[in-house]
Amino acid sequence: MQSAALSTELDPMPGQPVIGLSECEAQARLLRDGANELPRGEHRSFLRILGDTLREPMFALLLAAGALYLILGDPGEATLLVAFATLSLAIAIFQEVRTERAVEALHDLASPRALVVRDGAQRRIPGRELVKGDLVFVAEGDRVPADISLISVSELEVDESLLSGESVAVQKRLGSVAGTSAAIVYSGSLVVRGAASGLVVATGSQTELGRIGVSLQKIEREPPRLRAEVQRLVWLFARLGVAVSILAGLMYGLSGHSWSVAVLGAIAMAMAMLPEEFPLILTVFTVMGAVRLARSRVLTRRAAVIETLGSATVLCTDKTGTLTENRMRVAELHSANCEQAVVSRGEAGLPDGLKKLVEIAARASREQTFDPMERAIYDLRPEPDASWPSLPGHLFALRDDLPAMGRIWRNAADDDLRLAVKGAPECVVRLCGLEGDKAAAILTEAAGMAARGLRVLGLGLGTGPVDPAAPLERQTLHFIGLIGFADPLRPFVKEAISDCLSAGIRVVMITGDHPATARSIAAQAGLQATTVLTGSELDALSGPDFEKSVAASSVFARIRPDQKLRIVTELKRQGAIVAMTGDGVNDAPALKAAHIGIAMGGRGTDVAREAASIVLLDDDFTSIVRAVRLGRRIFDNIRKAMGYVVAMHVPIAGVAFMPLLFGLPPVMGPLHIVFLEMIIDPVCSIAFEAEQEEKEIMLRDPRASGEATLTVPMLVWSVIQGLAAFAVIVVIYVYATASGYGEDTVRSWAFIATVACNVALVVVGRSYGSSLIDIVGTRNAPLIVLLTLAGAALTAMMVIPAISALFDFGPVGWDAVAASFIGFVTLTLTLEAVKVLWMHSLFPRTALPLTRIKGHAASGLTVPHRR
């Protein structure tokens, strides 16, 4: 940076020695006021994460069941039960700790350093060590480390878009009244032109940037809906399972059987009815979703919010740095002889007259610059003409009373001087001496360009006589033309917004920029911009008028941070699931208040990242669409997995309950159920998660606000599947008993049949809309691996005597395998027939993943299109 070199040109206190604070005084103020750091979000320690996870009811119930079985039953079996519960607990804790560490790593990105004067000498220190009263120097390219009251300025312009949302740099000068905004540069802003010195007036949470961070602590974050729904389901099943298990145990004991057997049977039944997979499904699905997103450079700070993103109905997006690149580009050229061109991205050639226009604009700019418009000129400029060397030291700088600048050049061919000038169009027109209709025509053209959202500069050329000693107003200039700059739309943003609209997601642009600029960018992005509602108009509205405007408008301009928050809050009140994107400090309150906050990680501030749920590390707006698609896929697969869990627990509970009800020897104990759970959990958490998305997933509306994850029709369908599987198992159990097999062999038959029915339920549950042929033809490598391992484990249990004895299994032949295979085929075909023939007519409003697609029906099952 240039701070050190330029600081010698800035005498902050003319006539007085530059001393600054002493090191001792600075350290005392640092202890008194604290470090110059932004407020951090809430940090969760390992112990807190452990405590939060242990409060999940399913983990607690499993541990309690294992402890009770340890007292009454076999220690070896009890150890397996406790190990199973501990494994589930460890997976959940691992993901939470991993997420917290990722957040800390993001927060600790390199912080700016500051050039200060301490004990009369200049030195660079970490920005966090700045204190009030420090004398600080800033120059082009520096990030302002604190709020600074200016005492010396040289052509200073700063980019305050992180605070204000304005993409155009702001000129700073010494205010006539101390403390005016023009005399202060704010923490987090970027110096794009000139240099300055000043005194630090606020650090840390006392800065304008920090105050927004503090205000975030007062906003209650929206809890993920799915986790709350799952907790309600878990408690429902837990109460039901415990009640039925106690009743069955009492019935068995009071009928004259052993009370110890009754208690162990009741424990087995309680475990069979407790859907402890639900929390694990949430954990694993969101972890895997976070991993998939991370491969696309998207960080999920709270992984559970991925599902909520899939159900978003409104996407509120900032303009500067989110839809646009926050990097100026030459968009239009208009020469004085009526030549004009709209400059496309990457355009190679221009007419000779317009090439001259660009060359003059470059001649009027500094060669080494951070100014975004000057850099845009150099990006478009052809190879510079080496025959025009500059005249050292002759730069006409911007003045408060003259918004124009110029540079003098020497023409090597004739040794004449040339003066290239650029500035505000009305100023350049005046400098060129234009009046009447000609001046009016130029200014009308400039106004039209501004209405299209462009930043416009006029260009002039002085060919002689050029007097380096005379001020700019006394030079003889000819008007050359106009050059318009735009903050270009990011690549593929228009396509991404189109995908959002196709998916039933309303896109709303909220920006602090000018209404004309907002309307232009909205039109380029494919948003309806017939009406642009400004912040002042919004303040004038209240009650029903405000509600109607928020519900109807797609573009908001000149919006303050508190108004952004007000808009998001109103959208939520109207029942929308709101996602909010942004990168600046001014976005942070709305990011935190929204159901899903999405921050830009490359350019975004720490405050914005802390407030957000998802961070786009590559600042790519199109990543949002990928996240929405993945969120919908995750939610579809969560529904499939949870429906499968409910269906599979019905036959397991039935097999455990039947002997207690009829006074028969127990068919399954806790150890058998642990084995079945070892199949269920991996299948749910890995195989269902790996299922591909349903067809046309991005051509259906988001699920209705408040719609349950497992609706009543979904639960009914799962119970029907479970009862059908239980019926198959009972038939095989009765057949084995009638065939005269002993108790241990009958248990083997029933267990093999239960595993076979489990596989059938997995096959049927993989899709609600695809046919059986499509399901079988869709590759799911984790499912194949898991079923292979399960089959190998089941074979070992049946053929290895030591393992068979541990599970109380008797010898079985091929007839048991054949009976289970017939049961598997029968169950699969029956359920597929019910799904294809009856599902839509039975449950026309069911919450199945597929909906009727806009304009045409998807293959397979469809349900009415919903808003």
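The shown structure was predicted, so the numbers you read here are calculated from the model rather than taken from an experiment.

Turning our eyes to something else, we now look at the environment of P561. Inspection of the secondary structure assignment puts P561 in helix α21 (residues 561-573). Residue classification places P561 among the partly exposed residues on the basis of a relative accessible area of 26%. Along the chain, P561 and D587 lie 26 residues apart, while their C-alpha atoms are 6.5 Å from each other.

Across all of its chains, the model carries 16 salt bridges by this definition. Taking the shortest distance from any N to any O, the salt bridge between R452 and E332 comes out at 2.8 Å. Here R452, found in the loop between α16 (436-451) and β15 (455-462), pairs with E332, found in strand β10 (residues 329-335); they are 120 residues apart in sequence, far enough to count as distant. One salt bridge in this structure joins E374 and R366, with 3.5 Å as the shortest N-O distance. For E374, a relative accessible area of 0% corresponds to the buried category. Connected through salt bridges with shared partners, the residues E23, R118, R123 and D134 form a single ionic network.

To continue, consider unusual backbone geometry. Backbone geometry places F492, a non-glycine residue, at a positive phi of 70°. Checked against the element boundaries, F492 lands in the loop between β16 (478-486) and α17 (493-502). For F492, a relative accessible area of 58% corresponds to the exposed category. Of note in this structure, R558 is not a glycine but carries a positive phi near 50°. Overall, R558 belongs to the partly exposed group, its relative accessible area being 36%.

Attention now goes to the pairing of strand β13 (residues 404-410). Summarising burial for β13: 6 of the 7 residues are buried, a large majority. Pairing between β13 and strand β14 (residues 417-423): 7 bridges, direction antiparallel. Looking at the pairing, R407 lines up with A420 of β14.

Let's shift gears to the nonpolar core. One finds F278, I596 and F751 to be the most contacted residues of the largest nonpolar core, which totals 102 residues. Tallying contributions element by element places helix α24 (residues 622-662) first for this core, with 17 residues. Residues within four places of I596 in sequence aside, it is in contact with V305, T308, L309, A312, I577, V578, A579, M580, S613 and I614. Ranked by size, the runner-up nonpolar core spans 27 residues in total, among them L417, C427, A439 and V466.

The next subject is the environment of N36. With respect to the helices and strands, N36 occurs in the loop between α2 (23-33) and α3 (46-54). Residue N36 is classed as buried on the basis of its relative accessible area of 11%. If sequence neighbours within four positions are ignored, N36 has contacts with G127, R128, L130, P145, A146, T203 and G204. A polar atom in the side chain of N36 sits 2.7 Å from the backbone nitrogen of G204.

A few words on the side chain of S553. With respect to the secondary-structure elements, S553 resides in the loop between α20 (543-552) and β19 (555-557). Residues in contact with S553, not counting those within four places in the same chain, are R506, V508 and L533.

Strand residues, when the strand is regular, have side chains that alternate between the two faces of the sheet. A two-sided burial pattern is seen for strand β9 (residues 314-317), the buried positions comprising V314 and C316 on one face and L315 and T317 on the other. Bridge analysis of β9 against strand β17 (residues 506-510) gives 4 bridges, and the strand direction is parallel. Each residue of the ladder has a partner; that of V314, found in β17, is R506. In this structure, β9 lies alongside strand β20 (residues 578-582), joined through 4 bridges in parallel fashion. Bridge pairing links L315 to A579 in β20.

The rules behind these values
Here the residue index of a chain counts from 1 through its sequence in written order. Totals for whole chains, interfaces and linings use every residue, but because this is a predicted model, local features are given only for residues with pLDDT of at least 70 and side-chain atom pairs only at 80 or more, for both listing and counting. To get the side-chain values, take all heavy atoms of the structure and skip hydrogens and water. Each helix is a run of H or I in the DSSP string that is no shorter than four residues. Each strand is a run of E no shorter than two, and both are numbered from the N terminus. Classification of residues uses two cut-offs on accessible area relative to the type maximum, computed with a 1.4 Å probe and protein chains only: under 20% is buried, over 50% is exposed, and between them is partly exposed. When a carboxyl oxygen of Asp or Glu lies within 4 Å of a side-chain nitrogen of Lys or Arg, that pair is called a salt bridge. Strand pairing is defined by DSSP finding a minimum of two bridges between the two strands. Each nonpolar core is a collection of buried residues, namely Ala, Val, Leu, Ile, Met, Phe, Trp, Tyr and Cys, held together in the definition by side-chain atoms within 4.5 Å. Working rule for contacts: check all heavy atoms of both residues, and any pair within 4.5 Å makes them a contact. Pairing of N or O atoms within 3.5 Å defines a polar contact, subject to two protein rules: one partner must be a possible hydrogen donor and the other a possible acceptor, and residues neighboring in sequence count only if both atoms are side-chain atoms.

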